[in-house]
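Reading the structure
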Amino acid sequence: MSESMTKKERQAQARAALSQKEKQEQEKARKSRRNAIIYTVVGIVVAIAVAALLVWDSGVIQTHMTALSVGNRKYTILDLNYYYYSSYSTYSASADTYGLDTSVPLDQQEVSEGYTWDQMLKDSAVELLTDVSVLYQEAMADGYELSQDGQDQVAITLNNTSSYASLFGVTEKYYLESNYGRYMTMSELERILTEYQTAQEYAQHKGTSFEVSDDEIQAFYNENSAELDTIDYNCYLVGYDRTETDADGNTVDLDEATIEANRAQAQERAQEILDALVAGDQELAAQLAEEYGATDNSNSSGISYSGYADWMADNSHQTGSYGLVENISATDDSTVLGYFAIYINDRHLDEYTGVDVRYIRTTATADDEGNYDMESLTTELDTIIQSYEEGDKTAESFGELADNYSFDATTYPGGLRENVSKEAFNDEITAWLFDDSRQEGDYQSFVDEDNHTCYLFYFIGHQDTPYWRTVCYDNVQEEKYYEWLDEVTPNYPTQNGFAMRFVG
């Protein structure tokens, strides 16, 4: 082989070697680019996942998803959580009474078999929000606008929320989410409260818009005269046994013959008591009642829930009427069967007018040993009276004190109660309220030891219409309101949304 050929071969080999190296470098470059692309894609996916997680945790997604639709309006978990946690707050305040264990997750304890507290509160939230939504949408369709008082009430609630957060040393965000669920904000709470307040106002507006005729008032009175009339009556229930206790302490049924004998004896004894009442001898009637172990139901309240309700509802049973009435209300073994001996001493329709007042009610709570600190309560009452007397002593200033101190401030803003009847308070308070000498601006305190309660009243004046007519009028209006509500509610069908699973 010539030297020139050898040189050419070495050059060819060198070129071949260079091509291989270039190929390796190119392949390495391709791998590098491919890995860079893969890492970039993975990085983007991870970034998206992290961003999504952050967005999810922020509540942006959940608070824009529909949890419930009512008619054409859609609601998020914020709306439902407001009612969910409001209901929970009510139940947890008396947890022992309702059998609620606040230390156990709500979806792990049952209200009844197969029905958890969590589901009950969700159902309650749906029902409450539906009622509010129907009224709110009707209000909007009717062009109704929230009053200034309503707007002020919303503002007060929001301001109180901020104040409570500061008082407890927590942020607004923490306080809101602790009381109304995750993601609640002041702006969302304002929207929810405004809608709620508008619905309540519109219900009142609509409820008082229905006209009521004299015939409708009379018809309602005829159906409810036993509750509306002032009735002074004597009534004794002579019962009889259907069971007995055996030697082992077990309750066993008596035979039919014995039960019948007991019934007949009870009827005879009730007749003896009735005969004494008809004869005008109430003392003898009371003696016989005690001898026979009869129950004294004379002048009991709540006639409509008694076993003699139908008899008393008969308008023909006026002063001097009497009757022997079987206790037809007995529906279970624990109810005393027997006969009522009834005599009406006086029955009339009282034409008195109700009164308008402002009042402050403060109530003592029991300590761990069941004792009530009435001394502190009366001291507080004295402080309230002093504050009132040091002020301008007007109805408005009294109302401000009521908002600050009264146990019923939420129910009766400014302590205002209108058309108060003679049955609303105890005899001492009633005597003061309905004293003929009572004038606007009069005020008086009362201490009710039996009920561990103190009162301070401010007298405004009398109504113009007899109390019984006002009661009839209001009840007929209420009936018409609920008839209207029953008619319009089907126009707003409800449907749960995907976000319902996030409520609670």
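Our subject is the structure that appears above.
Residues numbered from 1 in each chain as written. Predicted model: local features only at pLDDT ≥ 70, side-chain atom pairs only at ≥ 80, totals over all residues. Heavy atoms only, no water.

**As for the pairing of strand 5 (residues 230-240)**
Our working definition: Exposure is judged per residue with a 1.4 Å probe applied to protein chains only, and the accessible area is read against the type maximum: over 50% gives exposed, under 20% gives buried, and values in between give partly exposed. The way it works is that DSSP assigns letters per residue, a run of H or I at least four long becomes a helix, a run of E at least two long becomes a strand, and they are numbered from the N terminus. A pair of strands is considered paired only if DSSP assigns at least 2 bridges between the two.
Of all eleven residues that make up strand 5, eight are buried, and the element is covered over most of its length. In the sheet, strand 5 pairs with strand 10 (residues 337-348) via eleven bridges, with the strands oriented antiparallel. Residue pairing in the sheet places Tyr236 in a bridge with Ala341 of strand 10. Here two bridges tie strand 5 to strand 8 (residues 295-296), and the two strands are oriented antiparallel to one another.

**A word on the packing of helix 4 (residues 117-141) against helix 15 (residues 467-488)**
Between two packed helices, what matters for the description is the angle formed by their axes and the separation of those axes. Inclusion rule: Fitting a line to C-alpha atoms yields each axis, with helices limited to the stretch in contact; the angle taken between N-to-C directions then spans 0 to 180 degrees. An angle counts as roughly parallel when it lies under 35 degrees, as roughly antiparallel when it exceeds 145, as roughly perpendicular when it falls between 65 and 115, and as oblique in every other case. Contact criterion: two residues are considered in contact whenever any of their non-hydrogen atoms come within 4.5 Å of each other. Here the term charged refers only to Asp, Glu, Lys and Arg, the term nonpolar to Ala, Val, Leu, Ile, Met, Phe, Trp, Tyr, Cys and Pro, and the term polar to all other amino acids, Gly among them.
At a closest axis distance of 11 Å, the pairing of helix 4 and helix 15 adopts a crossing angle of 90°. The pairing of helix 4 with helix 15 is recorded here as roughly perpendicular in orientation. Of helix 15, the residues touching helix 4 (which contributes Val134, Leu135 and Glu138) are Tyr481, Trp484, Leu485 and Val488. Here the residues of the contact of helix 4 with helix 15 are counted per class, giving six nonpolar, no polar and one charged.

**Here's the deal with the pattern of salt bridges**
Convention followed: Basic side-chain nitrogens of Lys or Arg form a salt bridge, by our definition, when they fall within 4 Å of a carboxyl oxygen of Asp or Glu.
In total, this model carries twelve salt bridges according to the counting rule given. Here Asp442 ties to Arg438 by a salt bridge, and the two come within 3.1 Å at their closest N and O atoms. What makes Arg438 buried here is its relative accessible area of 16%. Via salt bridges that share partners, Asp79, Glu188 and Arg191 belong to a single interconnected network.

**Here's the deal with helix 13 (residues 395-405)**
Looking at helix 13, one finds that the buried residues are Ala395, Ser397, Phe398, Gly399, Leu401 and Ala402. Those residues of helix 13 that are buried lie in contact with strand 11 (353-363), helix 12 (374-390) and strand 14 (453-466).

**So, the packing of aromatic side chains**
Operational definition: In this analysis, rings of Phe, Tyr and Trp, with Trp reduced to its six-membered ring, are considered paired at centre separations within 6.5 Å, and the interplanar angle assigns stacked below 30 degrees, edge-to-face beyond 60, and tilted for intermediate values. Whether a charge lies above a ring is judged from NZ of Lys or CZ of Arg, which has to be within 6 Å of the ring centre and within 35 degrees of the ring normal.
Evaluation of the coordinates by the stated rule reveals 31 aromatic pairs. With centroids separated by 6.0 Å and ring planes inclined at 65°, the aromatic side chains of Tyr233 and Tyr308 adopt a geometry described as edge-to-face. Residue Tyr233 is found in strand 5, and its partner Tyr308 is found in the loop between strand 8 and helix 11 (309-313); the two are separated by 75 residues along the sequence. Three or more aromatic residues link up through ring pairs in this structure, and these residues are Tyr359, Tyr412, Phe425, Trp432, Phe446, Tyr455 and Phe457. Above the ring of Tyr359, the side-chain terminus of Arg417 is found at 5.6 Å from the ring centroid.

**Concerning the sheet that holds strand 2 (residues 73-75)**
With respect to topology, three strands assemble into an open sheet ordered 2-1-15, the strand pairing being antiparallel. Whereas interior strands pair on both sides, the edge strands pair on one side only; in this sheet they are strand 2 and strand 15 (494-496). Sheet twist, expressed as the mean angle between neighbouring strand axes with direction ignored, is 15°. Of the strands in this sheet, strand 1 (68-70), strand 2 and strand 15 touch helix 4, which is tilted by about 35° from strand 1.

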